[in-house]
Amino acid sequence: MLNIILFGPPGSGKGTQAQNMVDKYGILHISTGDLFRYEMGNNTPLGLKAKEYMSKGELVPDEITIGMLENKVNANPDVQGIIFDGFPRTIPQADALDKFLESKNTEVTLLLALDVPDEELVKRLLKRGESSGRADDRDENIIKNRISVYKSETS
């Protein structure tokens with residue numbers, strides 16, 4: 001089983017590269033952002049819990065994010081591999097992913113780090129904000145903060 005972690009700051013091209021790999025290898029792409037939107041949009045138990053934290057401006061605890069990810073993997077038992085896009089972001093998440101994959105008799109095959117200069121990230125995200133409508137991609141100060149948080153908490 002081919003299990004790839006795509007690692008990089010917002011705007012580094014994780015989604016674009018993931019789609020290229022899906023097209024070439026036919027593996028499952030799991031984006032934590034997509035998971036959150038799906039779970040919350042469908043008012044699943046985990047989505048409702050995530051909404052509680054987010055409505056208070058708090059970070060969603062790892063166990064909720066990990067639960068969403070495990071549900072997605074378990075719902076696709078016949079895949080030939082998985083691209084983890086935006087996960088793990090912390091050491092506890094990485095440990096949880098290792099433990100979960102071990103329970104499936106598999107492991108991470110490859111970690112692919114995308115390195116892009118900050119100025120390019122800002123340009124890409126502002127451009128994406130024009131077409132996506134995402135508020136967090138329209139404000140340069142928010143973008144710079146997201147990059148800073150990535151550097152301090154994830155990279």
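See above for the structure.
Throughout what follows, the structure given in this document is the object of discussion. (Residues numbered from 1 in each chain as written. Predicted model: local features only at pLDDT ≥ 70, side-chain atom pairs only at ≥ 80, totals over all residues. Heavy atoms only, no water.)

## Considering helix α1 (residues 14–25)
Argument step 1. Along its 12 residues, α1 runs 16 Å from first to last C-alpha, staying within 8% of the 16 Å computed at 1.5 Å per residue.
Argument step 2. For α1, every residue scored as buried is listed here: Lys-14, Ala-18 and Met-21. Along the axis of α1, the buried positions cluster into a sector of 65 degrees, meaning they face one direction only. Seen from the buried face of α1, the exposed residues on the opposite side, beyond 90 degrees, are Thr-16, Asp-23 and Lys-24.
Argument step 3. If you follow the buried residues of α1, they end up packed against β1 (2–7), β2 (28–31), β3 (81–85) and β4 (110–113). (Helix = DSSP H or I, 4+ residues; strand = E, 2+ residues; numbered from the N terminus. Expected span 1.5 Å × (residues − 1). Buried < 20%, exposed > 50% of the residue type's maximum accessible area, 1.4 Å probe, protein only. Arc of directions from axis to C-beta. Contact = heavy atoms within 4.5 Å.)

## Looking at the pairing of β1
Argument step 1. Of all 6 residues making up β1, 5 are buried, and the element is well covered by its neighbours.
Argument step 2. Relative to β4, β1 runs parallel, the two sharing 4 bridges. Paired with Ile-5 across the strands is Leu-111, a residue of β4. (Pairing = 2+ DSSP bridges.)

## Structural notes on the side chain of Gln-93
Argument step 1. Along the chain, Gln-93 falls in helix α5 (residues 91–103).
Argument step 2. Given a relative accessible area of 7%, Gln-93 falls into the buried group.
Argument step 3. Polar side-chain contacts of Gln-93 include one of 2.7 Å to the backbone nitrogen of Arg-89.
Argument step 4. Sequence-distant contacts of Gln-93, defined by excluding residues within four places in its chain, comprise Asp-62, Ile-66, Phe-87 and Pro-88. (Polar contact = N/O pair within 3.5 Å; in protein donor to acceptor, adjacent residues only side chain to side chain.)

## Considering the layout of surface pockets
The probe, sized like a water molecule, is rolled over the atoms to show the empty space still left.
Argument step 1. Looking at the largest pocket, its volume works out to about 1600 Å³.
Argument step 2. Together, 43 residues line the largest pocket, and Thr-32, Gly-33, Arg-89, Arg-134 and Arg-146 are the ones closest to its centre.
Argument step 3. Those elements that provide at least two residues to the lining of the largest pocket are β1, α1, β2, α2 (32–41), α4 (62–74), α6 (118–132) and α7 (140–154).
Argument step 4. It is α2 that contributes the most residues to the lining of the largest pocket, 6 residues altogether.
Argument step 5. Considered class by class, the residues forming the lining of the largest pocket number 14 nonpolar, 16 polar and 13 charged.
Argument step 6. Around the second largest pocket sit His-29, Ile-30, Ser-31, Asp-34, Leu-35, Tyr-38, Glu-39, Met-68, Asn-71, Lys-72 and Ala-75, which together line it.
Argument step 7. When residues of the lining of the second largest pocket are traced back to their parent elements, those giving at least two are β2, α2 and α4.
Argument step 8. Grouping the amino acids of the lining of the second largest pocket by side-chain chemistry returns 5 nonpolar, 3 polar and 3 charged. (1 Å grid on protein atoms, 1.4 Å probe; cavity = no way out; pocket = protein on both sides within 12 Å on 5 of 7 lines; lining within 4 Å. Points joined across faces, edges and corners; volume = space filled by probe spheres on them. Nonpolar A, V, L, I, M, F, W, Y, C, P; charged D, E, K, R; others polar.)

## Describing the environment of Ile-64
Argument step 1. Note that Ile-64 resides in helix α4.
Argument step 2. Since its relative accessible area comes to 6%, Ile-64 is described here as buried.
Argument step 3. The contacts of Ile-64, once residues within four sequence positions are left out, are Leu-46, Lys-49, Ala-50 and Tyr-53.

## Observations regarding the pattern of salt bridges
Pairing is possible between side chains of opposite charge, provided their charged atoms come close.
Argument step 1. Applying the stated criterion across every chain yields a total of 7 salt bridges.
Argument step 2. Lys-123 is paired through a salt bridge with Glu-120; the nearest N and O atoms lie 3.5 Å apart. You can see Lys-123 and its partner Glu-120 sitting in helix α6, 3 residues apart, about one turn around the helix.
Argument step 3. What makes Glu-120 partly exposed here is its relative accessible area of 27%. (Salt bridge = Lys/Arg side-chain N within 4 Å of Asp/Glu carboxyl O.)

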